[in-house]
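Chain residues, written in single-letter form:
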Amino acid sequence: CRLSEELAAFGCQVENLPAGELKGCGRRIRFEAPSGHRFELFAEKEQTGKWGVSEVNPEAWPRGLKGMKATRFDHCLLYGVALPETLRLFTEVLGFSLAEQVLDDTGKRVAQFLTVGMKAHDVAFIQHPEKGRFHHASFFLESWEDVLRAADLISMSNTSLDIGPTRHGLTHGKTIYFFDPSGNRNEVFCCGDYHYPDHPPVTWTADQLGKAIFYHDRQLNERFLTALT
């Protein structure tokens, strides 16, 4: 109720969704951020286990894993409008911190990486003239070796490779990107920086954007910047 009131006071249209309307999920509230993206918040969710191991005397890892073996959803990158208002919403109402940013040559923020804990980021926004665009969803792997194995699987299955394996300058995560059959971009990702709420945001300048995105080859990739869904 408190968040519903604070979101409404911020100027968001809030929709209440009853428990059970989404299978296994309690009551949700849905709102649209100034960037044009819709988000849902909930407090109760059916628990289905800890990624395949027991909650009592758990083994080191689950047997029988296949594929890239992602352990959890990590973050998403979104393109949209109104970055300053979106930053205010996420920091002042939802409790996120600004962990990293990109500034253009006038000092305007054109990218913002937000975290609600100690991760490098949970959600990031890039300035774009259209509302509500999607760049990628990212899934967490345990190690660089796992990212390299994911690259092998992408080739073995003839999956559409976008770019990588490589390292980002932003967040310093190690990464590979690929497209699923629906045309959406996905990432598997390991390592990355940590953030404490009292840390100042890490800043990259636009003249170093190539290195910020692809730390090794330091070159911008047009498809990576413009292929959105």
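Reading guide: rules and limits
Residues numbered from 1 in each chain as written. Predicted model: local features only at pLDDT ≥ 70, side-chain atom pairs only at ≥ 80, totals over all residues. Heavy atoms only, no water. Core = buried A, V, L, I, M, F, W, Y, C linked by side-chain atoms within 4.5 Å. Buried < 20%, exposed > 50% of the residue type's maximum accessible area, 1.4 Å probe, protein only. Helix = DSSP H or I, 4+ residues; strand = E, 2+ residues; numbered from the N terminus. Domains from an automatic or database assignment. Polar contact = N/O pair within 3.5 Å; in protein donor to acceptor, adjacent residues only side chain to side chain. Contact = heavy atoms within 4.5 Å. Pairing = 2+ DSSP bridges. UniProt positions renumbered as here; feature names shortened; annotations may be inferred.

**Q** I'm lost on the nonpolar core in this one. Help?
**A** One broad trend across soluble globular proteins is that nonpolar side chains are buried collectively. Among the nonpolar cores identified, the biggest contains 19 residues, and L7, L89, F90, L94, L114, V123 and F125 are the most heavily contacted of them. Elements that contribute at least two residues to this core include exactly β2 (28-32), β4 (72-80), α2 (83-93) and β7 (123-127). Ranked by residue count, the leading element in this core is α2, at five residues. Looking at which domains feed residues into this core, each of domain 1 (2-42) and domain 2 (72-226) gives three or more.

**Q** Is there a simple way to explain the side chain of H75 in this structure?
**A** On the secondary structure map, H75 appears in strand β4. Among the polar contacts listed, one links the side chain of H75 to the side chain of H136, at a separation of 3.4 Å. With near-sequence residues (within four places) excluded, H75 lies in contact with H121, D122, V123, H136, A137, S138, E187 and F189.

**Q** What am I meant to see in the pairing of strand β9 (residues 160-167) here?
**A** Moving residue by residue along a regular strand, the side chains alternate between the two faces of the sheet. Here β9 pairs with strand β10 (residues 173-179) via five bridges, running antiparallel. Bridge pairing in β10 links I163 to Y177.

**Q** Is there a simple way to explain the UniProt feature "domain: VOC" (unreviewed entry) in the protein chain in this structure?
**A** With numbering matched to this structure, UniProt assigns "domain: VOC" (unreviewed entry) to residues 72-191. A distance of 13 Å separates the end C-alpha atoms of residues 72-191, which is 20% helix and 48% strand.

**Q** Sorry if this is basic, but what is going on with the environment of V188 here?
**A** Relative to the elements of secondary structure, V188 occurs in strand β11 (residues 185-191). Taking the C-alpha atoms as reference points, V188 and A212, 24 residues apart in sequence, are found 18 Å from one another. Not counting residues within four places of it along the chain, the set of residues in contact with V188 comprises M68, F139, L141, V147, A150, K174, T175, I176 and F178.

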